[in-house]
Amino acid sequence: MNIVSMENITFRYAEVPVLRNMDLEIREEEYVLLTGENGSGKSTLLKLLLGELQPQDGRVQMFGKDPGRVFSAGEVGYVPQNSISHNQNFPATVEEIMMTGLYRQIGRFRLPGRIHRECVTQTLEELGMERFLKKRIGELSGGQQQRIMLARAVAGNPKLLVLDEPTAGVDAQSVKEFYRLLNELNQKRKVTILLVTHGNISECAGAHRVLKMEEGRISN
Ligand SMILES: Nc1ncnc2c1ncn2[C@@H]1O[C@H](COP(=O)(O)OP(=O)(O)OP(=O)(O)O)[C@@H](O)[C@H]1O
Ligand SMILES: [Mg+2]
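Residues numbered from 1 in each chain as written. Chains lettered and ligands numbered in written order. Predicted model: local features only at pLDDT ≥ 70, side-chain atom pairs only at ≥ 80, totals over all residues. Heavy atoms only, no water.

1. Observations regarding the environment of histidine 208
Mapped onto the elements, histidine 208 comes out in the loop between β7 (192-196) and β8 (209-214). Here histidine 208 falls in the partly exposed class, since its relative accessible area comes to 47%. The spatial distance from the C-alpha of histidine 208 to the C-alpha of glutamate 29 is 9.8 Å, given a sequence separation of 179 residues. Residues within four places of histidine 208 in sequence aside, it is in contact with Glu29, Glu30, Tyr31 and Asn186. (Helix = DSSP H or I, 4+ residues; strand = E, 2+ residues; numbered from the N terminus. Buried < 20%, exposed > 50% of the residue type's maximum accessible area, 1.4 Å probe, protein only. Contact = heavy atoms within 4.5 Å.)

2. Observations regarding the pattern of salt bridges
Summed over all chains, the structure comprises nine salt bridges. Measuring nitrogen to oxygen at the nearest pair gives 2.9 Å for the salt bridge that ties arginine 209 to glutamate 30. Remark: glutamate 30 occurs in the loop between β2 (17-27) and β3 (31-36) and arginine 209 occurs in strand β8; sequence separation between them is 179 residues. Residue classification places arginine 209 among the partly exposed positions, given a relative accessible area of 24%. A salt bridge links lysine 134 to glutamate 95; its shortest N-O distance comes to 2.7 Å. Highlighted residues: lysine 134 in the loop between α5 (114-126) and α6 (142-155) and glutamate 95 in helix α3 (residues 94-100), separated in sequence by 39 residues. Through salt bridges with shared partners, a single ionic network connects Arg27, Glu30 and Arg209. (Salt bridge = Lys/Arg side-chain N within 4 Å of Asp/Glu carboxyl O.)

3. So, the packing of aromatic side chains
Across all of its chains, the model carries two aromatic pairs by this definition. With a centroid separation of 5.6 Å and an interplanar angle of 45°, the aromatic rings of phenylalanine 178 and tyrosine 179 are classed as tilted. With relative accessibility at 3%, the residue phenylalanine 178 sits in the buried group. The ring centre of phenylalanine 63 lies 5.8 Å from the NZ or CZ of lysine 159, which sits over that ring. (Phe/Tyr/Trp six-rings, centres within 6.5 Å; stacked < 30°, edge-to-face > 60°. Lys NZ or Arg CZ within 6 Å of the ring centre and 35° of its normal.)

4. So, the pairing of strand β6 (residues 160-164)
Within β6, five of the five residues are buried, which leaves it mostly tucked inside the rest of the structure. Here β6 shows no split at all, with Leu160, Val162 and Asp164 on one side and Leu161 and Leu163 on the other all buried. The pairing of strand β5 (residues 76-79) with β6 spans four bridges and is parallel. By the bridge assignment, tyrosine 78 is partnered in β6 with valine 162. Pairing of β6 with β7 involves five bridges; the strand directions are parallel. Bridge assignment links leucine 161 to a residue of β7, and that residue is isoleucine 193. Tracing the backbone out of β6, into helix α7 (residues 172-188) and back to the parallel element β7 gives a crossover that is right-handed. (Pairing = 2+ DSSP bridges. Right-handed = clockwise from strand over helix to strand, strands pointing away.)

5. Some thoughts on the coordination of the magnesium ion (ligand 2)
Put simply, the ideal angle at a metal is 109.5 degrees for four donors in tetrahedral geometry and 90 or 180 degrees for six donors in octahedral geometry. In the first shell of the magnesium ion (ligand 2), the protein supplies Ser43 (OG) and Gln81 (OE1), at 2.0 to 2.2 Å from the metal. With serine 43 in helix α1 (residues 42-49) and glutamine 81 in the loop between β5 and α3, the pair connects residues that are 38 residues apart, well separated along the chain. Taking the relative accessible area as the measure of exposure, serine 43 reaches 18% and is therefore buried. (Donors = N, O, S within 2.8 Å, 3.2 Å for Na, K, Ca; no water.)

6. As for the side chain of lysine 42
Mapped onto the fold, lysine 42 is located in helix α1. Of the side chains with opposite charge, glutamate 165 lies nearest to the buried lysine 42, which makes no salt bridge, at 4.8 Å. Within the structure, the side chain of lysine 42 is placed 3.0 Å from the backbone oxygen of glutamate 37, a separation counted as a polar contact. Those residues in contact with lysine 42, other than ones at most four positions away along the chain, are Leu34, Thr35, Gly36, Glu37, Glu165, Val196, His198 and Met213. (Lys, Arg positive; Asp, Glu negative; His and termini not counted. Polar contact = N/O pair within 3.5 Å; in protein donor to acceptor, adjacent residues only side chain to side chain.)

7. Examining the domain arrangement of the protein
What the domain assignment reports for the protein is domain 1 (1-75 + 159-220) and domain 2 (86-157). A straight line from the C-alpha centre of domain 1 to that of domain 2 covers 23 Å. If you look at the interface, domain 1 gives 20 residues, while domain 2 gives 11 residues. Surface buried jointly by domain 1 and domain 2 totals about 1200 Å² across both partners, of which 56% is contributed by carbon and sulfur atoms. Contact with domain 2 buries area across many residues of domain 1, yet Phe178, Leu181 and Arg189 alone supply 31% of it, more than any other trio. Here domain 1 is connected to domain 2 by three residue pairs in polar contact (both at pLDDT 80 or more). Mapped onto the side of domain 1 that touches domain 2, the elements with two or more residues apiece are α2 (67-72), β6 and α7. (Domains from an automatic or database assignment. Buried area = accessible area lost by both parts, 1.4 Å probe.)

The structure is reproduced here in structure tokens:
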């Protein structure tokens, strides 16, 4: 089954189209890298997938459904580009932010229970971040915040992970650990992954395909 299907997509913010008759298909359990120059339209493509933007032409489907509905159903874990810059004065702890990644499991209007707290602790441990559990997010360094955003995206056990330059500002050792975790999620938990990166592609062990955004389309 195709998890992601974009057919003949044209999208423009103003006059000039960013995406031009673009196609993309990602099958279940694939691990796909998306590269391309600054301003080539990578983040725009991700926003179309998440239903944050609508194309002027063409059709986007996720899991065979409307994109926005899939995202709100919690089947997608998303780490937006520069997600940390919004956190500085946000009055929430790491634990509380992690819980917002679990809302599908917890259910609307219900309180997190022991099982959710364990899930949060375990995911933080996997990323070596458990000591920050009770800290306010703004007290963490930029790279540490970015790692929390990654932990949040994977904690909800999504079927698809969409990551927009998730390792920007993260130190080399942590980048290595993060890619090891992604590879494991893909191989063991069969999570489908779409990762935008400017980094060294050879670090992304286990990735199946490398795509490049160029002149509004995707080339292999
Ligand atoms: N909200 C917006 N309004 C108008 N133009 C926008 C907006 N967001 C992006 N653009 C333009 O659309 C084009 C594609 O932007 P996009 O952010 O998708 O690129 P990108 O490939 O993610 O770049 P980067 O590698 O720098 O993250 C750019 O020319 C950008 O200036
Ligand atoms: Mg971008």
